[in-house]
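Each chain is listed here by its residues.
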Amino acid sequence: MSKNMELARIFAEIADVLDLTGANAFKVNANRKVARTLEEAGEDLAELARTDPARLRDIPGIGDSSAKKILEFVTTGKVAEREELLASIPAGVPALLQIPGLGPKRVRTLWTEGGVDSVDTLRAKLADGSLGGLPGMGPKTLKAIEESLTFLDTTRGRIRLGEALPVALELIAYLRNAGAVTRISHAGSLRRGKETIGDIDIVASSTHPAALHEALRNAPGVSKVLVSGETKTSIRTAHGMQVDLRTVADAQYGAALLYFTGSKEHNVRLRERAQKMGLRLNEYGLFKEDATAKGTPQERGEQPVAATTEESIYEALGLWWIPPELREDHGELENQPPKDLIDTKHIKAELHCHTTASDGTLSIAGMVDQAIARGFHTIVLTDHSRSQAQANGLSIERLRAHIAEIRAVAAVYADRISVLAGSEVDIMVDGTLDYPDDVLAELDFVVASPHSALRAESAVATERLLAAIRHPLVHIIGHPTGRIVNAREGLSPDIALLAREAAKHNVALEVNANTMRLDLRDSHVRMCVEAGCLVAIDTDAHGAGDFDQLPYGIATARRGWLGNSQCVNTWTRAKLGEWIASKR
DNA sequence: GCCGTTTTCGGCCCGACTGTTTTCAGTCG
């Protein structure tokens, strides 16, 4: 398993304690940024520190000091600065920062003046009323803290993209019905297609914003109104999801959408760029900066340089268009995103799906009909191999009968769609495949996937997957890490190495579009793009509705800067057919 | 702590909302 998450926690802890002890805010931020970099890295940075420390130092945001700490962790298993910092304050204090409404200043007040040294003592002191009279802590603040604690008891943390998007779209439809909406969109990490979402952001322009804010406060399923102003409303749903609505005049909509889509880091870079150009960027527009004038440009009623659309703002900043999924400060201001960035409408083939032969819910013909309905020219049926007993995996005998059945259906559909006989074959612990080669050769197509031993060491996992990539009959490595979003970390092989080897062997690495998987993940896709290997985006459909998960896989691939030409699912029937045949 | 189209030193994005305050600090995104 990768050490990135463990290291990220260490840097986050360092940042928290520095923050609580009143250290330089920029130093705090620098540590937070390193934590974020570690969380989002596609490769194991501890491993990188071991093998190529110079490259570690080249990663933006990681300077000498942080690189040293990562190296220290690699050699000793800990970071002395973190140990010292944590020892300097009561163990339960940093956790107080997780409570909504409590930042470093209030936590410090609670701790040093109120004797609060943990969440438990906070609870007790709130209950016995002994916190009244602390500076800046009036009755409303204390009540808000109490409510936050109750909320934390029931919260589920970040939710999956596939859960959040339907809720957001439903709310947007509801707000549209409330009237007075000119333009409206989801924003934030949801619009950027991140695999998990903290809260749902909605931006709207409206002729009667007050009506819109009232509609959200009264929306079905609202359990609490958190914030309610003239331009901003935040509510919490009964399911514990927070929804923020921001309204602006229509002429400012582009600036607002840009701002609330983020990411924060992308916005900071845009504003720095604006500043250098003598401009000021905020959620109302891009303005000429006038340091001598009082107040904000929008307060002075100044005409913005650009504001109505996101496109106009990027253009005025001398930048190319940057799609929302790429706005992470991952080089999108320095390098132009691919002009043929992958899009759902480009997908013309499903290469990994299941039927009732193993654990799917539709027949062969049923799945083929679904593919035709989506305008695909090719579908490969890939039921589970024999080791997947719990998924009704096919014995060799059953596989042969299934192949015959697929061929019969294929003949019926031949003039409308290519129907191919494949299998999702388990990659065994030792890297061999679950059927002998002569059986695999009877199939048109092979997706090789890991399903077991998903806690193996990184180096072991790498060798196991490399063996599958080198197998001459394999087309795709399915969900290469086996991770489940928010639930199972899965394997952490050396993806860069796998991608280079896949490029050499003309094998595609899969982006499994199922919202539970999204595997490969965004940062891994970026490594595939850099290595130039083929990528497949498949839904791994087990029934009709699963085909609709494709956009989640597309979002993940876009976040990895994947272009059309590198994705086998976008190829023409003929070109795809040639690649498939080349493995036989 | 990080970084460089003015910089190896001296900066480091911008505004809404709330609560506790007489003009602003703290938090959040």
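Presented here is an overview of the structure given in this document. Keep in mind that what you see is a predicted model, and the values were worked out from it rather than measured.

Quick notes on the packing of aromatic side chains
Here is step 1 of the chain: Applying the stated criterion across every chain yields a total of four aromatic pairs.
Here is step 2 of the chain: Centroid distance Tyr-314 to Trp-321: 5.8 Å. Interplanar angle 90°. Geometry classified as edge-to-face.
Here is step 3 of the chain: Over the ring of Trp-571 we find Lys-575, and its NZ or CZ is 4.4 Å from the ring centre.

Let's talk about the side chain of Glu-283
Here is step 1 of the chain: As for its placement among the helices and strands, Glu-283 is situated in the loop between strand S8 (279-282) and strand S9 (285-288).
Here is step 2 of the chain: There is a polar contact of 3.2 Å between the side chain of Glu-283 and the side chain of Arg-246.
Here is step 3 of the chain: With residues near it in sequence (within four places) discarded, Glu-283 still touches Arg-246, Val-248, Gln-252, Ala-255, Ala-256, Tyr-259, Phe-260 and Arg-271.

Quick word on the nonpolar core
Here is step 1 of the chain: Of all hydrophobic cores here, the largest spans 60 residues; its most connected members are Ile-379, Val-419, Ile-477, Leu-509 and Ile-537.
Here is step 2 of the chain: The contacts of Leu-509, once residues within four sequence positions are left out, are Ile-469, Ile-477, Leu-498, Ala-499, Ala-502, Leu-520, Cys-528, Cys-533, Leu-534, Val-535 and Ala-536.
Here is step 3 of the chain: Formed by 44 residues, the second largest nonpolar core is a distinct cluster that contains Val-28, Val-34, Ile-62 and Leu-122.

Brief notes about the sheet that holds strand S7 (residues 242-248)
Here is step 1 of the chain: If you trace the five strands from one edge of the open sheet to the other, you get S2-S4-S7-S6-S5, paired in mixed fashion. In this open sheet, the two edge strands, each paired with only one partner strand, are strand S2 (181-186) and strand S5 (222-228). Here the strands of the sheet are splayed against their neighbours by 20° on average, with no regard to which way each runs.
Here is step 2 of the chain: Bridge analysis of S2 against strand S4 (residues 200-206) gives five bridges, and the strand direction is antiparallel. When the sheet's bridge partners are listed, His-186 is paired in S4 with Ile-202.
Here is step 3 of the chain: Helix H12 (residues 209-217) contacts S2, S4, S5, strand S6 (232-237) and S7 of the sheet and is inclined by roughly 175° relative to S7.

Considering the pairing of strand S13 (residues 445-449)
Here is step 1 of the chain: Burial within S13 is extensive, with five of its five residues counted as buried.
Here is step 2 of the chain: Neither face of S13 is exposed, since Phe-445, Val-447 and Ser-449 on one face and Val-446 and Ala-448 on the opposite face are all buried.
Here is step 3 of the chain: Strand direction decides the pairing type here: strand S12 (residues 418-426) and S13, joined by five bridges, are parallel. When the bridges of S13 are listed, Ser-423 appears paired with Val-446.
Here is step 4 of the chain: The sheet contact formed by S13 and strand S14 (residues 476-477) spans two bridges and is parallel. When the bridges of S14 are listed, Val-447 appears paired with Ile-476.
Here is step 5 of the chain: Taken together, S13, helix H19 (residues 458-470) and S14 form a β-α-β motif whose crossover is right-handed.

Calculation rules
Residues numbered from 1 in each chain as written. Chains lettered and ligands numbered in written order. Predicted model: local features only at pLDDT ≥ 70, side-chain atom pairs only at ≥ 80, totals over all residues. Heavy atoms only, no water. Phe/Tyr/Trp six-rings, centres within 6.5 Å; stacked < 30°, edge-to-face > 60°. Lys NZ or Arg CZ within 6 Å of the ring centre and 35° of its normal. Helix = DSSP H or I, 4+ residues; strand = E, 2+ residues; numbered from the N terminus. Polar contact = N/O pair within 3.5 Å; in protein donor to acceptor, adjacent residues only side chain to side chain. Contact = heavy atoms within 4.5 Å. Core = buried A, V, L, I, M, F, W, Y, C linked by side-chain atoms within 4.5 Å. Buried < 20%, exposed > 50% of the residue type's maximum accessible area, 1.4 Å probe, protein only. Pairing = 2+ DSSP bridges. Axes fitted to C-alpha atoms, helices over the stretch in contact; angles between N-to-C directions. Right-handed = clockwise from strand over helix to strand, strands pointing away.

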